[in-house]
Amino acid sequence: MAGKDAAKLPRKAYENELLRLQTELVKLQEWVRAEGTRLVVVFEGRDAAGKGGTIKRVAEHLNPRVARIAALPKPTERERTQWYFQRYVEHLPAAGEIVLFDRSWYNRAGVEHVMGFCTQEEHRLFLRQCPIFERMLVEAGIVLRKYWFSVSDTEQQERFRRRLEDPLRRWKLSPMDLESISRWEAYSRAKDEMLVHTDISEAPWYVVESDDKRRARLNMIAHLLDSVPYDDVPPPVLELPARPPSTGYQRPPRDLQTYVPDHASSL
């Protein structure tokens, strides 16, 4: 694995390998659908660690009816009274589906614990129950992969700065993100404790070094593909049919419909 000081991966090499890996992801998708497999991929890490960009590249060419992203908002008042894992269970895949969790039940081990959104007892209960919960998922036949995206404090600060200055990415920055700067060590301790309790043989954690986003994306996708024993499922044989002869249909006059203005012609 490349270290934090490795040279940035050239864009051309990145784009070529990303395309190859995305082609393999489509093959994985078709195998999941054909075999009725249930695949769950958990993406966790600090704010601005590169989770969202990686998820975007994973899902870019996949069928949204097969592979979906679960990015849950903060719990409702009703959900706060449920068993903690309950609202995540309803997002788990059925046969032939892939679910990519953009943050997951591990919110309780990280932001909820550090920011005081849960009690100490709720945090301890989570650390006891989480390995049991994940063993149940695996025993039920779910393929579970968990990735922790690791970013340095200096790189995180730089990414926050770029988001603050970029109107297209400003929405990615929240007061909670900025708060994480002053709580860096608290988040580090919370992560370390989480790994001690939840890095289990049935569902181990895989750490992705993410100071170089290109390397992180390729490394994570390549690992996922290598860890799932999928086969290449031959696609059905399709042929374009011959267009039948006209039966006399005539399109209505254009002035009877409202068209989008041709903004492109003004460029």
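Here, the structure is the one placed above.
Along each chain, residues carry numbers from 1 onward, in the same order as the chain's sequence is written. In keeping with the model being predicted, local features are shown solely for residues with a pLDDT of at least 70 and side-chain atom pairs are shown and tallied solely at 80 or more, while totals for entire chains, interfaces and linings include all residues. Side-chain numbers here rest on the full set of heavy atoms in the structure, without hydrogens or water.

K.L.:
Where do I start with the pairing of strand β1 (residues 38-45) in this structure?
P.N.:
Residues in a regular strand project their side chains so that they alternate between the two faces of the sheet. Relative accessibility decides the category of a residue: with a 1.4 Å probe and only protein chains considered, values under 20% of the type maximum give buried, values over 50% give exposed, and everything between is partly exposed. Strands here mean DSSP runs of E at least two residues long; helices mean DSSP runs of H or I at least four residues long; both are numbered from the N terminus. Burial of β1 is extensive: seven of the eight residues sit out of reach of the surface. By the bridge criterion, six bridges tie β1 to strand β3 (residues 97-102) in an arrangement that is parallel. The residue bridging L39 from the neighbouring strand is I98, located in β3. Two strands pair when backbone bridges link them, and β1 and strand β4 (residues 142-150) are joined in this way by eight bridges, in the parallel orientation. Opposite L39, over in β4, you have V143 as the bridge partner. Strand pairing requires that DSSP identify at least two bridges connecting the strands.

K.L.:
Please explain the packing of helix α2 (residues 51-59) against helix α10 (residues 213-227) as it appears in this structure.
P.N.:
Each packed pair of helices is defined by two parameters, the angle between the axes and the distance between the axes. Comment: axis = line fitted to C-alpha atoms, over the contacting stretch for helices; angle = value between 0 and 180 degrees taken between N-to-C directions. At a minimum axis distance of 10 Å, the contact between α2 and α10 shows a crossing angle of 50°. Classified by the interaxial angle, the pair formed by α2 and α10 is oblique. In the packing of α2 onto α10, the handedness of the crossing is right-handed. Packed against α2, whose contacting residues are G53, T54, R57 and V58, the element α10 presents R217, M220 and I221 at the interface. Any angle that falls under 35 degrees is termed roughly parallel, while one over 145 is termed roughly antiparallel, one within 65 to 115 roughly perpendicular, and all others oblique. Rotating anticlockwise by less than a right angle from the far helix to the near helix defines a left-handed crossing, while the corresponding clockwise rotation defines a right-handed one. Contact between two residues is taken to exist if any of their heavy atoms lie within 4.5 Å; hydrogens are not considered.

K.L.:
Whenever I open this one, the packing of helix α7 (residues 153-165) against helix α8 (residues 175-182) confuses me. Can you help?
P.N.:
Where α7 meets α8, the closest approach of the two axes is 11 Å, and the angle between their N-to-C directions is 150°. One finds that α7 runs roughly antiparallel with respect to α8. At the point where α7 passes α8, the crossing takes the left-handed sense. Residues Q156, Q157 and F160 of α7 lie in contact with α8, whose contacting residues are D177, S180 and I181. In the contact of α7 with α8, the residues fall into two nonpolar, three polar and one charged. Residue type decides the class: Asp, Glu, Lys and Arg count as charged, Ala, Val, Leu, Ile, Met, Phe, Trp, Tyr, Cys and Pro as nonpolar, and the leftover types, Gly among them, as polar.

K.L.:
For this particular structure, what's the right way to read the pattern of salt bridges?
P.N.:
If the charged atoms of two oppositely charged side chains come close together, the side chains can form a pair. Salt-bridge detection follows one rule: a side-chain nitrogen of Lys or Arg within 4 Å of a carboxyl oxygen of Asp or Glu. This model, assessed by the stated rule, comprises 24 salt bridges. The shortest N-O distance in the salt bridge between E24 and K27 comes to 3.1 Å. Residue E24 and its partner K27 are both found in helix α1 (residues 11-35); the two are separated by three residues, about one turn of the helix. Owing to a relative accessible area of 17%, E24 belongs among the buried residues under this scheme. Put simply, E112 and R108 hold a salt bridge, and the shortest N to O gap is 2.8 Å. Using a relative accessible area of 13% as the deciding quantity, one classes R108 as buried. Linked by salt bridges that have partners in common, E155, E158, R159, R161, R162 and E165 make up one network.

K.L.:
For this particular structure, what's the right way to read the nonpolar core?
P.N.:
One recurring pattern in soluble globular proteins is that nonpolar side chains are buried together. Nine residue types can take part in a nonpolar core, namely buried Ala, Val, Leu, Ile, Met, Phe, Trp, Tyr and Cys, and a core is a set of them joined through side-chain atoms within 4.5 Å. One finds L28 and M220 to be the most contacted residues of the largest nonpolar core, which totals 31 residues. For this core, the secondary structure elements donating two or more residues are α1, β1, α2, β3, β4 and α10. For this core, the leading source of residues is α1, giving seven residues. Setting aside anything within four residues of it in sequence, one finds L28 in contact with L39, L225, V228 and Y230. The next biggest cluster of nonpolar side chains, apart from the first, holds 24 residues, and it includes L92, L127, I200 and A203.

K.L.:
Got a minute to help me understand the sheet that holds strand β2 (residues 67-70) in this structure?
P.N.:
The strand order across the open sheet built from five strands is β2-β3-β1-β4-β5, with neighbouring strands paired in parallel fashion. In the strand order of this sheet, the two ends are held by β2 and β5 (205-209), each with one partner. The average undirected angle you get between the axes of adjacent strands in this sheet is 20°. Pairing analysis gives four bridges linking β2 to β3, with the strands arranged parallel. What sits directly across from R68, in β3, is V99. Across the face of the sheet, α10 comes into contact with β1, β4 and β5 while running at roughly 160° to β4.

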